[in-house]
Amino acid sequence: MIATLELLAQLPYEPHYFLNPVKLVAFMVVFAIWVVFAQWVDKDAVAVNTYRTLWSMLTLASGAAALLLGLFIPLFWVGFLLFFIINLVMMVVYILHRNGLVREEDRVFTPTHFRRLKEEGFSGKKKQKEVTERVRITDADRKVVTIPEEEEGREQYRLTQDLVFDALWRRATIVEVLPAKDVAKVSYQIDGETDQREGLVRQEADLLVHFLKQIAGLNMEERRKPQRGQIVAAIGENRHKIAVRTDGSTAGEKLTLRIFYNEETLKVPDLGFNPKQLEVAMALREVTPGMILLTAPSGHGLTTTIYSFTRTHDRFLQNVQTIEFEKEMEIDNVTQKVFSASGGTTFTEQLLKLVRSDPDIIVLPELRERESAAIAAQAAAQKQKVYVGLMAVDIFDALRKWMTLVGDKGLVAKSLLAVGNQRLVRILCDQCKQAYKPDAQMMRKLNLPADKALYRKPEPEYDKHGNEIACQACQGTGYVGRTAVFDWLTVDDGLREVLRRSTSMNDIQNYVLKKGEVGLQAQALQKVLVGVTSIQEVARAVRQGNGASPGPRPRPKPRGAGKPDKPSGRR
Ligand SMILES: [Zn+2]
């Protein structure tokens, strides 16, 4: 010990080591690397979707601490070594963390990464990456979009291909690219669930939006007002219409893609009715005049159901007309009028005009004016078949709202044929759903056979690197598509009389419940018993439909999984 101290004492004291150019350069090099690293962490943390503030603070704090040590430890090389090591450790820790969050090909400082850097060079030559057509995209003029020749166009094309292919593979129905300051957030809606995806750096997002606007035939100069266009994307035989929408926001243009799967061909038998309900609903198709009231909470597939009922009619022989606030899909051989408040007439006036023109079937997916309800009911009492869509959490809520809107019990009783209410539940993935023995007490409580095995989504599995192994059929979500659960009330003569005489909703409710034919929960549990969906999913759908928050949801992150050639397009 003493010997060491003596040795140290013999070392020359260097108060002005910064004047030594070698030491100064060494110090500055490490400092410069740290500055570049800190800037990269700030951006990269957003791109890989981790805690940006936390990692930036850690990088800054460790860098500052290292700098102080480096400057104030009198022995230059000891201080320098500490300065170097602390920063190095910080870099290694962050890189290990971020590499754990991304796919193999996006990891940095790996052999693959170095090989790629060697091939492409450091200076942005990666734009010459191979660009291939994975999705055949057709533009607004129905021309196939080919791979552009020049570099910027190729990059735009590649970004578009990546996004559309991934969205189709994951069966996303809505894709949103929302610009923030330096980045753009990307989110999907898959089977009604929002899934935050890896973000894009702002420059890439701008290229992507530019390209999609161009091929969707939108006005390139307009960056504020909402614009709508359409493209078609196909993988093999699976063609998907994609509605492209842009809206200005303070941070830049927001892009929304709505991808259509089979919604445009669905008819009543495809929706999820049980056999008895289906028989009744199909029989009512032939009954004219009369009204069918279709209801659901927001986000539970009401529009799809109304369109499916419309499609079930013979649109060649019958004159079918709609008035809508927003035309979500085209229906062949149906006159779809889009109501616009700027047209000078009210919705009610337009509806009156429509009724006078004497169509066979009137479809009103949404009513926003009270007066129009009475007119619709009158038409349904006298001559036409009328479908009306209404937001409601159950059959009784629907009846209550409808009777208030129409304001005439007698007219409601005379015109109403049936009321439907629905919830969407996700369908368990056939490839990975797991049978399990449910808690007997819970089963008794739900009035289900106690010894019945039920199905649920499987526990996630991991490979030896700790990455989740995603099921190829459902991309790890455990569900593929959705189906509706219906509660259905047919208005018979008995109920008609009750409706007419009722003094309160209780009268109606008592009558209906005594007959024991309704109940959304019982219908949903039937789907659980046959393994179409899970108890957990039914609970979630009911909670969500009744206005409660959907609660926390584990984020599936399938990694390292090869992609199939075709995305499965199911509703
Ligand atoms: Zn699966």
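Whatever comes next refers back to the structure up there.
Small disclaimer: the values here were computed from a predicted structure and weren't measured.

### Re the overall build of the protein chain
Regarding its fold elements, the protein chain presents 18 helices and 18 strands. What you see for the protein chain is a C-alpha radius of gyration of 31 Å, clearly larger than the 25 Å of a compact globule of 571 residues, by over 25%. On the principal axes, the C-alpha backbone points of the protein chain span a range of 110 × 60 × 40 Å. Long-range pairs, those at least 24 residues apart, make up 65% of the contacts in the protein chain with a sequence separation of at least 6. Entry remark: accessible area of the protein chain is about 30100 Å², with carbon and sulfur atoms responsible for 56%. Here the protein chain carries 79 positive and 68 negative side-chain charges, and the mean point of each set is 3 Å from the other.

### Some words on the sheet that holds strand S5 (residues 227-235)
Remark on secondary structure: sheet strands pair via backbone hydrogen bonds, oriented parallel or antiparallel. Spatial strand order, S1-S5-S6-S7-S2-S3-S4: 7 strands in an open sheet with antiparallel pairing. Two strands lie at the open edges of the sheet, namely strand S1 (136-138) and strand S4 (193-201), each paired on one side alone. Direction aside, neighbouring strands of the sheet carry axes that sit 20 degrees apart on average. As paired elements, S5 and strand S6 (residues 238-249) share 9 bridges and run antiparallel to each other. Its bridge partner being in S6, Val 232 is matched across the sheet by Lys 241. Packing against the sheet, helix H7 (residues 202-215) makes contact with S1, strand S2 (172-179), strand S3 (183-190), S4, S5, S6 and strand S7 (252-259), and its axis sits at approximately 110 degrees to S4.

### Observations regarding the packing of helix H10 (residues 347-356) against helix H11 (residues 370-382)
The N-to-C vectors of H10 and H11 enclose an angle of 15 degrees; their axes lie 9 Å apart at closest approach. As judged from the angle between their axes, H10 and H11 are roughly parallel. Seen along the crossing, H10 lies across H11 with a hand that is left-handed. Residues Phe 347, Thr 348, Leu 351, Leu 352 and Val 355 of H10 touch H11, and the partners they reach there are Glu 371, Ser 372, Ile 375, Ala 376 and Ala 379. Of the residues in the contact of H10 with H11, the class split is 7 nonpolar, 2 polar and 1 charged.

### With respect to the nonpolar core
Membership of the largest hydrophobic core comes to 44 residues, with the highest contact counts inside it found for Leu 351, Leu 364, Val 386, Val 388, Trp 402, Leu 416 and Ile 508. Residues in contact with Val 388, not counting those within four places in the same chain, are Met 291, Ile 292, Leu 293, Leu 294, Leu 364, Leu 367, Ala 376 and Trp 402. Among the nonpolar cores identified, the runner-up in size contains 37 residues, and Leu 159, Ala 184, Ile 231 and Val 244 belong to it.

Each value, and the rule that gives it
- Residues numbered from 1 in each chain as written.
- Predicted model: local features only at pLDDT ≥ 70, side-chain atom pairs only at ≥ 80, totals over all residues.
- Heavy atoms only, no water.
- Helix = DSSP H or I, 4+ residues; strand = E, 2+ residues; numbered from the N terminus.
- Rg over C-alpha atoms; globule rule 2.2 N^0.38 Å.
- Contact = heavy atoms within 4.5 Å.
- Areas by Shrake-Rupley, 256 points an atom, 1.4 Å probe, with all protein chains shown as cover.
- Lys, Arg positive; Asp, Glu negative; His and termini not counted.
- Charge placed at Lys NZ, Arg CZ, Asp CG, Glu CD.
- Pairing = 2+ DSSP bridges.
- Axes fitted to C-alpha atoms, helices over the stretch in contact; angles between N-to-C directions.
- Parallel < 35°, antiparallel > 145°, perpendicular 65-115°, else oblique.
- Left-handed = near helix turned anticlockwise from the far one by under 90°.
- Nonpolar A, V, L, I, M, F, W, Y, C, P; charged D, E, K, R; others polar.
- Core = buried A, V, L, I, M, F, W, Y, C linked by side-chain atoms within 4.5 Å.
- Buried < 20%, exposed > 50% of the residue type's maximum accessible area, 1.4 Å probe, protein only.

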